[in-house]
Amino acid sequence: MGARVFLVRHGATVFSAEDRFAGETDVALSDEGRDQARKLGQRLANLELAAAYASPMGRTVETASLIAEPHGISVEKIDGLKEISHGAWEGHTRAEVEENFPDEYARWEADPFSIAPRNGESGLAVTARALPALLDIIGKHETSHVLVVSHKATIRLILSSLLGFDSRTYRDRLDQSLAALNVLDFNEEGHARLALFNDVSHYAPPPASLPPLPKQRLSKWWDRKAK
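A brief structural summary.

### With respect to the sheet that holds strand 6 (residues 192-199)
Then, in step 1: In spatial order, the strands read 3-2-4-1-5-6; together these six strands make up an open sheet with mixed pairing. Taken across any chain shown, the strands that pair with only one partner, and hence form the sheet edges, are strand 3 (75-77) and strand 6. If you compare each strand with its neighbour and ignore which way they point, the axes differ by 20° on average.
Then, in step 2: Inspection of the sheet shows strand 2 (residues 49-54) paired to strand 4 (residues 145-150) by five bridges, in the parallel sense. The residue of strand 4 that forms the bridge with alanine 51 is valine 146.
Then, in step 3: Running over the sheet, helix 3 (residues 58-68) touches strand 1 (4-9), strand 2, strand 3 and strand 4 and is turned about 150° from strand 4.

### Remarks on the side chain of threonine 154
Then, in step 1: Take threonine 154: it is sitting in helix 7 (residues 152-163).
Then, in step 2: Given the relative accessible area of 0%, threonine 154 is considered buried.
Then, in step 3: Among the polar contacts listed, one links the side chain of threonine 154 to the backbone oxygen of lysine 82, at a separation of 2.8 Å.
Then, in step 4: Here threonine 154 is in contact with Leu81, Lys82, Glu83, Ile84, Val126 and Ala130, once residues within four sequence places are set aside.

### A short note on the packing of helix 6 (residues 123-140) against helix 7
Any two packed helices are characterised by how steeply their axes cross, that is the angle between the axes, and by the distance between the axes.
Then, in step 1: Two elements in contact, helix 6 and helix 7, have axes whose closest approach is 9 Å; the angle formed by their N-to-C orientations is 75°. Viewed along their axes, helix 6 and helix 7 adopt a mutual orientation that is roughly perpendicular. Of the residues in helix 7, those touching helix 6 at Gly123, Val126, Thr127, Ala130, Leu131, Leu134 and Leu135 are Thr154, Leu157, Ile158, Ser161 and Leu162.
Then, in step 2: Broken down by class, the residue content of the contact of helix 6 with helix 7 amounts to eight nonpolar, four polar and no charged.

### Side note on the pattern of salt bridges
Then, in step 1: Counted by the stated rule, this structure contains 13 salt bridges.
Then, in step 2: Aspartate 185 is the partner of arginine 4 in a salt bridge, and the nearest nitrogen-oxygen pair spans 2.5 Å. Residue arginine 4 is found in strand 1, and its partner aspartate 185 is found in strand 5 (residues 181-186); the two are separated by 181 residues along the sequence.
Then, in step 3: Linking arginine 34 and aspartate 31 is a salt bridge whose minimum nitrogen-to-oxygen distance equals 3.1 Å. In this pair, arginine 34 and aspartate 31 both sit in helix 2 (residues 31-43), three residues apart, roughly one turn of the helix.
Then, in step 4: Bridged by salt links that share partners, the residues Arg4, Asp185 and Arg193 form one connected network.

### Here's the deal with the nonpolar core
Then, in step 1: Val5 and Val148 are the most contacted members of the largest nonpolar core, which totals 28 residues.
Then, in step 2: Mapped onto this core, the elements with two or more residues apiece are strand 1, strand 2, helix 6, strand 4, helix 7 and strand 5.
Then, in step 3: Element by element, the count of residues in this core is highest for helix 6, at seven residues.
Then, in step 4: The contacts of valine 148, once residues within four sequence positions are left out, are Val5, Phe6, Leu7, Val8, Tyr53, Leu81, Leu134 and Ile137.
Then, in step 5: Among the nonpolar cores identified, the runner-up in size contains 18 residues, and Val8, Ala37, Leu49 and Ala64 belong to it.

Calculation rules
Counting of residues starts from 1 at the beginning of each chain's written sequence and follows it residue by residue. pLDDT decides what is reported in this predicted model: residues at 70 or higher carry local features, side-chain atom pairs at 80 or more are listed and counted, and totals for whole chains, interfaces and linings draw on all residues regardless. Processing note: side-chain calculations cover all non-hydrogen atoms of the structure and skip hydrogens and water entirely. For two strands to be treated as a pair, DSSP must find no fewer than two bridges joining them. Numbering of helices and strands starts at the N terminus; helices are DSSP runs of H or I of at least 4 residues and strands are runs of E of at least 2. Lines are fitted to the C-alpha atoms to define the axes, a helix being fitted only along its stretch in contact, and any angle between axes, read from their N-to-C directions, falls within 0 to 180 degrees. Residue contacts are counted whenever heavy atoms from the two residues lie within 4.5 Å of one another. The buried label goes to any residue with under 20% of its type's maximum accessible area, the exposed label to any with over 50%, and the partly exposed label to all in between, with areas taken from a 1.4 Å probe on protein chains only. For the purposes of these results, a polar contact is taken to be a pair of N or O atoms within 3.5 Å, where, inside protein, one atom must be able to donate a hydrogen and its partner to accept one; residues adjacent in sequence count only when each atom of the pair is a side-chain atom. Angles are sorted into four bins: roughly parallel if under 35 degrees, roughly antiparallel if over 145, roughly perpendicular if 65 to 115, and oblique for all others. The nonpolar class holds Ala, Val, Leu, Ile, Met, Phe, Trp, Tyr, Cys and Pro. Asp, Glu, Lys and Arg form the charged class, and all remaining residues, Gly among them, are polar. Here, a salt bridge means any side-chain nitrogen of Lys or Arg that lies within 4 Å of a carboxyl oxygen of Asp or Glu. Buried Ala, Val, Leu, Ile, Met, Phe, Trp, Tyr and Cys residues that are joined via side-chain atoms within 4.5 Å together make up what is termed a nonpolar core.

Written out as structure tokens, the structure is:
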């Protein structure tokens, strides 16, 4: 048996409620986000977690700390797990970015993997740092269970790369709810299998435990199709 990774998106923040770009902006968890993380911690409390890792942002470190608390383990910060930087768009709502940076936003919507916002990062740049960071963690815990807390875009890019999806469409094809749990199993050769995806049943009891149908915050292509 290889490693099992519990790959988690951080809990809710004020910015997430307002549909604002907050890639490199250090936004704290809201009370709702803390509650989501604690409930996931309760869900995983009976497992044996060998280690906990997180992006160095406050919202991810706090999420990981609340989940790891029942296990008595500290959280190690990994720079490679940070969220994509949105550069000049940081702190703005998507509607504001579309109005103030129309040409740039249109190019990014068409190919967010190759195109970066002004002073920001492309999906390719994020994959180039995040995937090696995760594989390094796997190398340290080849037969253990580990917790990894990261961000929406970063997780989707990691999954696209590991599972062989076209990373240019990661915003159209994959979603990540707040405090969602994903489970990845790795064999001895380092190949990944997705065992659980975007699960929120720890804080949303049935029938709401099904991830909500996305109506926004994915991409214009999806939003247009969802209307």
